[in-house]
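Residue-level structure breakdown
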Amino acid sequence: MQISRRGLLKITGIGVLVIGALPRMAFAARGMLKSVRSGVQPGNKTRLVIETSQRPSYSLSYPENQLVVTIANTAANQSLKPSLAQGALIRSITQAQIGDRLQISANLNRPIAQIAKNQIMILEPNGDNDYRLVLDFSAGAGAASAIAAATPKKNTAASSGAKTAQNTPQKNAPGKKYVIVIDAGHGGKDPGCIGKNGTREKDIVLSVAKKLKARLDANGYSTHLTRSTDKYLKLGERAQIAEKRKADLFLSLHANANPSRAMKGFSIYTLSEKASDEEAKKLAESENAADKIAVTDWDDLPRDIRSALSSLQQHALAEMSEEYATGCSRSFRGGGIEAQPGPGVRHAPFAVLRSSVPGALLELGHLSNAAEEKLLRSDAHQNKLVAAIVKSVKNYNFDV
């Protein structure tokens, strides 16, 4: 019997009940590159196999005479020497670490077209090998001009053997209304950060949240706001609303501030035990301060609560959140919205994300930057942000 990741989160009712009112233990485990090799298949096809310690969440792009595979939340292994087969299209393979993403670049003898989804597989661990991302392709003209980057895909959970991975967004189940909870950060006595011209974070994110709800409702989603007025809510209450609504996705909207007035751009975060970098740690501390929740309280929880979610559930939740966040970052960039320098997706122990619902925290821009403060106040830019988020939701595969 195949069980989707979302179904996995619902298996142990006691896990959901116990942690419904307590912090959650969803950690984004960091994978490691284990091996890279090429081969030649029947029909003059080249095969690229990338082995990783964790199930890969990946995207593909096609620069001229290159195939670039980007794998989220995975560490490079510079001591690793790729194994290259004679007669294959791949002449060399390099790897690079870009933030928390691993980038594998296969340098090709000839250009290739976009790899069809039925030519991509993820093989499950079999005792001798870890997870393997397998891509089969042959020479084909027009790749560089026809496509700049492949659309991110959702990887189905496999019960055994090989499962074909999708490298285009899957359509969600027809007729089903997915439930999305939108959290406008701060509110009431907590204004959030305040721009030089007096713009309050709580007002900006509430305005965007209302616009986003209207657009998602119009697209057939069942959407709920954690607050629709200038109201203060504790962080735990926000997560509980998502639980009570049995949400399929939780989006927490914020605006950022930085000591450097020159810093600007959006950033997207998912939950993890430890911050991906010092800036992410400081941001989590700032956001968590609304409830005076320390970012070091994970180990203080009773052992039975920490084990309420099985390791499989933890991994499924982290993976689903990571996949949404990666797609959302891509939608923002594709919509012409400037990104903050650094990784497209970061990780930190945000209290508001501690739930059994996949989700992400979206920093829409910097109120500390005068130009971006002006943008965030404008209806035109808010609508631009909303359009990017709607696109990311529509591209997200809720069913795997």
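Definitions and limits used
- Residues numbered from 1 in each chain as written.
- Predicted model: local features only at pLDDT ≥ 70, side-chain atom pairs only at ≥ 80, totals over all residues.
- Heavy atoms only, no water.
- Helix = DSSP H or I, 4+ residues; strand = E, 2+ residues; numbered from the N terminus.
- Contact = heavy atoms within 4.5 Å.
- Salt bridge = Lys/Arg side-chain N within 4 Å of Asp/Glu carboxyl O.
- Buried < 20%, exposed > 50% of the residue type's maximum accessible area, 1.4 Å probe, protein only.
- Phe/Tyr/Trp six-rings, centres within 6.5 Å; stacked < 30°, edge-to-face > 60°.
- Lys NZ or Arg CZ within 6 Å of the ring centre and 35° of its normal.
- Pairing = 2+ DSSP bridges.
- Right-handed = clockwise from strand over helix to strand, strands pointing away.
- Axes fitted to C-alpha atoms, helices over the stretch in contact; angles between N-to-C directions.
- pLDDT = per-residue confidence, 0-100.
- Core = buried A, V, L, I, M, F, W, Y, C linked by side-chain atoms within 4.5 Å.

**As for the environment of Ala 75**
- For Ala 75, the position within the fold is in strand β5 (residues 74–75).
- Ignoring any residue separated from it by four or fewer positions in sequence, one finds Ala 75 in contact with Arg 30, Gly 31, Met 32, Leu 33, Gln 97 and Leu 102.

**Observations regarding the pattern of salt bridges**
- What the rule picks out here adds up to nine salt bridges.
- Of the charged contacts in the structure, one is a salt bridge between Asp 203 and Arg 200, with a shortest N-O distance of 2.8 Å.
- For Arg 200, a relative accessible area of 34% puts it in the partly exposed group.
- Residue Lys 264 is joined to Glu 338 by a salt bridge in which the shortest nitrogen-to-oxygen separation is 3.6 Å. Of this pair, Lys 264 sits in the loop between β13 (249–256) and β14 (267–271) while Glu 338 is found in the loop between α8 (311–334) and β15 (345–348), placing the two residues 74 residues apart along the sequence.

**Examining the packing of aromatic side chains**
- For the coordinates displayed, the defined rule picks out five aromatic pairs.
- Judged by centre distance (5.6 Å) and plane angle (85°), the rings of Tyr 324 and Tyr 396 are edge-to-face. Of this pair, Tyr 324 sits in helix α8 while Tyr 396 sits in the segment after α10 (379–395), and the two are 72 residues apart along the sequence.
- On the numbers, 4.9 Å between centres and 75° between planes, the contact of Tyr 396 with Phe 398 is edge-to-face. Taken individually, Tyr 396 and Phe 398 each receive the classification buried, so the pair is uniform in this respect.
- An aromatic cluster of three or more residues is present, and its members are Tyr 178, Tyr 221, Tyr 324, Tyr 396 and Phe 398.
- In this structure, Lys 189 packs its charged tip against the face of Tyr 232, placed 4.6 Å from the ring centre.

**Re the pairing of strand β11 (residues 179–184)**
- Of all six residues in β11, six are buried; the element is thus mostly enclosed.
- Of the two faces of β11, the one lined by Val 179, Val 181 and Asp 183 and the one lined by Ile 180, Ile 182 and Ala 184 are each fully buried.
- As judged from the four bridges shared by β11 and strand β12 (residues 222–225), these two strands associate in the parallel manner. When the sheet's bridge partners are listed, Val 181 is paired in β12 with His 224.
- As a crossover connection, the stretch from β11 through helix α4 (residues 201–218) into β12 is right-handed.
- Where β11 meets β13, five bridges bridge the pair, whose relative direction is parallel. Within the sheet, the bridge partner assigned to Ile 180 lies in β13 and is Leu 249.

**A look at the environment of Arg 261**
- The topology assignment puts Arg 261 in the loop between β13 and β14.
- What makes Arg 261 exposed here is its relative accessible area of 52%.
- Expressed as a C-alpha distance, the spacing of Arg 261 and Lys 196, which sit 65 residues apart in the sequence, is 9.8 Å.
- Excluding residues that lie within four positions of it along the chain, Arg 261 makes contacts with Lys 196, Ser 368 and Asn 369.

**So, the sheet that holds strand β3 (residues 58–61)**
- If you walk across this open sheet you meet the four strands as β3-β4-β7-β6, and the pairing is antiparallel. Strand pairing shows two members of the sheet lacking a second neighbour, β3 and β6 (90–98), which therefore form its edges. On average, each strand axis in the sheet is inclined to that of its neighbour by 15°, with strand direction left out of account.

**Here we look at the confidence of the model for the protein**
- Across the protein, the average pLDDT comes to 79, with 71% of residues at or above 70.
- Here residues 12–28 scores under 50 on pLDDT; set against residues more than four positions off or in separate chains, the count is 43 contacts.

**Brief notes about the nonpolar core**
- Leu 253, Phe 332, Ile 389 and Val 393 are the most contacted members of the largest nonpolar core, which totals 41 residues.
- Those elements that provide at least two residues to this core are β11, α4, β13, α8, β16 (359–366) and α10.
- Counting residues per element, this core draws most heavily on α4, at seven residues.
- Residues Leu 89, Ile 122, Tyr 131 and Leu 133 belong to the second largest nonpolar core, which totals 26 residues.

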